[in-house]
Amino acid sequence: MQLFYNPALEDGDNLFSFNQEESKHIVKVLRKKEGDEVYITNGRGDFFTAQVLIADSKLCKASIIATQKRHPKMFNLHLAVAPTKSMDRYEWFLEKVTEIGVHEITPILCDRSERKILKMERLQKVVQSAMKQSMRTYLPKINTPVSFKEFIEQEHKELTFIAHCEDEEKLDLKRCIAADKDVTILIGPEGDFTKKEIKEAYDKGFLPITLGEARLRTETAAIVACTAVALINSGS
């Protein structure tokens, strides 16, 4: 089963046309014919079952025969993660947390960040591809990069944490999150947050957390944090 994505599709729509790239994939690669089923999401929770009407590799058309609304989770996970020097690693992180079940991602620019510029269109495509591959129907929101200070000045609901490498007493993330609670987690760059940034986060109510005994890379820490929150909310 392969899932296609189109944000313009609405509940109640009857007909749908795929773009040329998707049409070619459906007809030439998947070898779909008239009467075969294809699946689409709009990234807002709707899962559409469609039937191919015209199997044209330049303009494939389908009729919507069933719509299933998948309700959102009762919690929201927002990861604020500093961009890594290697964009391959950051894209890998985005792919994995989308598969696991993140809701929102904000790239934060910290004092020790080595990368300040991101190609947002490319990151959006990575997230869309991961959503389709994992058969999810909600597309995570990727915000434009903001400074660390600007991010912590924003209003964040319920549980807020910062993961850093300073040698001090910290909370075990698994023990301080609860099901159905919104969670925001700060993950720093390769060189970690500065002591000044850590203090500023504390002043805004962010609590220090540990993700285990090992020192983790930025992207690994974000995936571990996402997995912990997802498991708590799955009842596992």
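Residues numbered from 1 in each chain as written. Predicted model: local features only at pLDDT ≥ 70, side-chain atom pairs only at ≥ 80, totals over all residues. Heavy atoms only, no water.

**Structural notes on unusual backbone geometry**
With phi around 60°, Met135 is a residue other than glycine that occupies positive phi space. Its place among the elements puts Met135 in the loop between α3 (120–133) and β8 (141–142). In the Ramachandran plot, Asp192 falls in the positive-phi region, its phi being about 75° despite a non-glycine side chain. Tracing the backbone through its elements, the reader meets Asp192 in the loop between β12 (183–187) and α6 (195–203). (Helix = DSSP H or I, 4+ residues; strand = E, 2+ residues; numbered from the N terminus.)

**A word on the side chain of Thr84**
Along the chain, the position of Thr84 falls in the loop between β6 (77–81) and α2 (87–100). Judged by relative accessible area, Thr84 falls into the buried class, the value being 0%. Among the polar contacts made by the side chain of Thr84, one reaches the main-chain carbonyl oxygen of Ser86 at a distance of 2.7 Å. The contacts of Thr84, once residues within four sequence positions are left out, are Arg89, Tyr90, Arg115, Glu190, Thr218 and Glu219. (Buried < 20%, exposed > 50% of the residue type's maximum accessible area, 1.4 Å probe, protein only. Polar contact = N/O pair within 3.5 Å; in protein donor to acceptor, adjacent residues only side chain to side chain. Contact = heavy atoms within 4.5 Å.)

**Re the pattern of salt bridges**
Summed over the entire model, instances satisfying the criterion amount to 17 salt bridges. Where Glu153 meets Lys149, a salt bridge forms, and the shortest distance between an N and an O atom there is 4.0 Å. Taken together, the residues span about one helical turn, with Glu153 and Lys149 both in helix α4 (residues 148–153) at a distance of four residues. On the basis of relative accessibility, which here comes to 44%, the residue Lys149 falls in the partly exposed class. Between Lys199 and Asp203 there is a salt bridge; the shortest N-O distance is 3.0 Å. Here Lys199 and its partner Asp203 are both found in helix α6, four residues apart, which amounts to about one turn of the helix. Residues joined in a network through salt bridges with shared partners are Lys149, Glu153, Lys196, Glu200 and Lys204. (Salt bridge = Lys/Arg side-chain N within 4 Å of Asp/Glu carboxyl O.)

**Notes on the packing of α2 against helix α7 (residues 218–234)**
Between two packed helices, both the angle of their axes relative to each other and the distance between the axes serve to describe the pair. Relative to each other, α2 and α7 sit at 5°, their axes nearing to 9 Å. By the angle between their directions, the pair α2 and α7 is classed as roughly parallel. Contact residues: α2 offers Arg89, Trp92, Phe93, Lys96, Val97 and Ile100, while α7 offers Glu219, Ala222, Ile223, Cys226, Thr227 and Ala230. The class makeup of the residues in the contact of α2 with α7 is eight nonpolar, one polar and three charged. (Axes fitted to C-alpha atoms, helices over the stretch in contact; angles between N-to-C directions. Parallel < 35°, antiparallel > 145°, perpendicular 65-115°, else oblique. Nonpolar A, V, L, I, M, F, W, Y, C, P; charged D, E, K, R; others polar.)

**Comments concerning the layout of surface pockets**
Each pocket or cavity is described by its volume, and for the largest pocket that value is around 440 Å³. Considering the residues around the largest pocket, the lining is formed by 19 residues, among which Lys73, Gly101, His103, Arg136 and Tyr138 are closest to the centre. Broken down by element, the residue count for the lining of the largest pocket peaks at three residues, all from α7. Residue composition of the lining of the largest pocket, grouped by class: eight nonpolar, seven polar and four charged. (1 Å grid on protein atoms, 1.4 Å probe; cavity = no way out; pocket = protein on both sides within 12 Å on 5 of 7 lines; lining within 4 Å. Points joined across faces, edges and corners; volume = space filled by probe spheres on them.)

**A short note on the packing of aromatic side chains**
Per the stated rule, a full pass over the model turns up five aromatic pairs. Look at Phe16 and Phe18: their rings are 4.8 Å apart centre to centre, the planes differ by 90°, and that puts the pair in the edge-to-face class. Exposure class is identical for Phe16 and Phe18. Each is buried. (Phe/Tyr/Trp six-rings, centres within 6.5 Å; stacked < 30°, edge-to-face > 60°.)

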